[in-house]
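Coordinates in review
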Amino acid sequence: MSKIMRKKICILNTGGTILARGDKNGYEAGGLGFLDVFGSILEQFKPDTKKSKKDHFVFANFSLDIITPFSIGSQDMDNAHLLRLGKEAIKASKKYDFIIITHGSDTLEESAFFLSLLKEIKIGVILTASMYPPNDKNYDGTDNLEFALKSALKSDIKSVIVAMNGELLEPKKLIKFKSWGKDAFCQSLAFDIGILDFKHFSLPKALPKVAVIYADGQFYPSLYNLKSLKGVVLAGMGSGTLPKNAIKFFAKLKIPVVRSSRVAMPKITSKEVNDKKYGFINANHLSPAKAKVLLMLALSKKSKD
């Protein structure tokens, strides 16, 4: 009798609203265990109880391992957590056929983009989240995880992708354009034209300190002491415009300065700010958050080389 070839899937659980413990007064992101919320989903796939055990499940055509590297609200997804997630994903990619990551929605864009730039990840990865906690009548985490799992089983995805509200979204195009709502995520139309491909990097041992600075019409240079930074991303206005005194201030820095925009779908032009003249780097269509991710990886490679 031939051996059954099951697709090996790993779920990396990192917390977020999708596994939040809450009541009418609020909720704690990542406060619940994976099986507390999603045990019913696994039951519908009819696990083989004789072969399954805690955090390892065997089904007719796939096996599933649940691993929790950490459980946090994604607003706390700092550089250390981002690197840990990268390490766990790379490690899992060598053992499994597919990875699903449960994540908070606040920094879902950055984490998905970060993982999509790592050259060590050569298998399909789906990140998913929820916009409402499990105790809310609008909870969407169950639908999103079920959609992610079915997509992993049926599709031939070989890249990093995001599954939200029944859609598969590319990390480089992904934007969260509102705070609440099942349809809070979409793909930026800005990427219909422009640069689509990004260089891939090896996972670094550390990420350099890069700050995002938000711009408005009033800029106070005396507030900023940037000596410890290795780079700066400016969340400018409109097409990346900045007050004149801000341009002068950042042009004097001896570190890379990337010019992006605070708008939902950026398109950075040099019509009002001459990047070549001031030594700035144009973020093109990248949001400030994703421009920061790309700059950190680029600086890591440069420091290692």
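Just so it is clear, the structure is predicted and the values come from calculations on it, not from any experiment.

Rules behind the numbers
Residues numbered from 1 in each chain as written. Predicted model: local features only at pLDDT ≥ 70, side-chain atom pairs only at ≥ 80, totals over all residues. Heavy atoms only, no water. Pairing = 2+ DSSP bridges. Helix = DSSP H or I, 4+ residues; strand = E, 2+ residues; numbered from the N terminus. Buried < 20%, exposed > 50% of the residue type's maximum accessible area, 1.4 Å probe, protein only. Contact = heavy atoms within 4.5 Å. Phe/Tyr/Trp six-rings, centres within 6.5 Å; stacked < 30°, edge-to-face > 60°. Core = buried A, V, L, I, M, F, W, Y, C linked by side-chain atoms within 4.5 Å. Expected span 1.5 Å × (residues − 1). Salt bridge = Lys/Arg side-chain N within 4 Å of Asp/Glu carboxyl O.

With that out of the way, let us pick up the sheet that holds strand E13 (residues 231-236). Reading across from one edge, E12-E13-E14-E15 is the order of the 4 strands in this open sheet, with parallel pairing throughout. Taken across any chain shown, the strands that pair with only one partner, and hence form the sheet edges, are strand E12 (210-214) and strand E15 (281-282). Summarising the sheet, strand E14 (residues 257-261) and E15 pair through 2 bridges and their orientation is parallel. Of the residues in E15, the one forming a bridge with Val 258 is Ile 281.

With that out of the way, let us pick up the environment of Val 232. Topologically, Val 232 is positioned in strand E13. Val 232 sits in the buried class, given a relative accessible area of 0%. Once the C-alpha coordinates of Val 232 and Val 212 are considered, the two residues, 20 residues apart in sequence, prove to be 6.0 Å apart. In this structure, Val 232 is in contact with Val 210, Ala 211, Ile 213, Leu 226, Phe 250, Leu 253, Ile 255, Pro 256, Val 257, Val 258 and Leu 295, ignoring residues within four places of it in sequence.

In total, this model carries 12 aromatic pairs according to the counting rule given. Both rings, one in Phe 34 and one in Phe 38, keep their centres 5.0 Å apart while their planes meet at 50 degrees; by these two values the pair is tilted. Placement of both Phe 34 and Phe 38 in helix H1 (residues 34-44) is noted, with a separation of 4 residues, approximately one turn of the helix. Given a relative accessible area of 5%, Phe 34 falls into the buried group. Residue classification places Phe 38 among the buried residues on the basis of a relative accessible area of 0%. Grouping aromatic residues by their ring pairs yields a cluster made of Phe 219, Tyr 224, Phe 249 and Phe 250.

Phe 114, Leu 115 and Leu 127 are the most contacted members of the largest nonpolar core, which totals 51 residues. When residues of this core are traced back to their parent elements, those giving at least two are strand E1 (7-13), helix H2 (79-93), strand E6 (98-102), helix H3 (108-116), strand E7 (124-128), strand E8 (160-164) and helix H7 (288-304). When sequence neighbours within four positions are dropped, the list of residues in contact with Leu 127 reads Ile 101, His 103, Leu 108, Ser 111, Ala 112, Leu 115, Val 160, Ile 161, Val 162 and Ala 163. Among the nonpolar cores identified, the runner-up in size contains 27 residues, and Leu 42, Phe 57, Leu 149 and Ala 152 belong to it.

It is worth spelling out H2 at this point. In this model H2 runs 21 Å from its N-terminal to its C-terminal C-alpha over 15 residues, within 8% of the 21 Å that 1.5 Å per residue would give. Buried residues of H2: Leu 82, Leu 83, Leu 85, Gly 86, Glu 88, Ala 89, Ile 90, Ala 92 and Ser 93, and no others. Residues of H2 that are buried in the fold lie against E1, strand E5 (62-67), E6 and H3.

For the rest of this paragraph, the subject is the pairing of E7. Across the 5 residues that make up E7, a large majority, 5, are buried. Side chains Gly 124, Ile 126 and Thr 128 project from E7 onto one buried face, and the interleaved Val 125 and Leu 127 project onto a second face that is buried too. Of the strand pairs in this sheet, E6 and E7 are connected by 5 bridges, and their pairing is parallel. Bridge assignment links Ile 99 to a residue of E7, and that residue is Val 125.

Moving on: the pattern of salt bridges. Under the definition given, this model contains 7 salt bridges. A salt bridge links Asp 106 to Lys 176; its shortest N-O distance comes to 3.3 Å. Residue Asp 106 is found in the loop between E6 and H3, and its partner Lys 176 is found in strand E10 (residues 174-176); the two are separated by 70 residues along the sequence. Asp 106 sits in the partly exposed class, given a relative accessible area of 42%. Residue Lys 176 is classed as partly exposed on the basis of its relative accessible area of 22%. Between Glu 146 and Lys 150 there is a salt bridge, with the nearest N and O atoms lying 2.9 Å from each other. Taken together, the residues span about one helical turn, with Glu 146 and Lys 150 both in helix H4 (residues 141-154) at a distance of 4 residues. Each member of the salt-bridge network shares a partner with another, and the members are Glu 170, Lys 172 and Lys 173.

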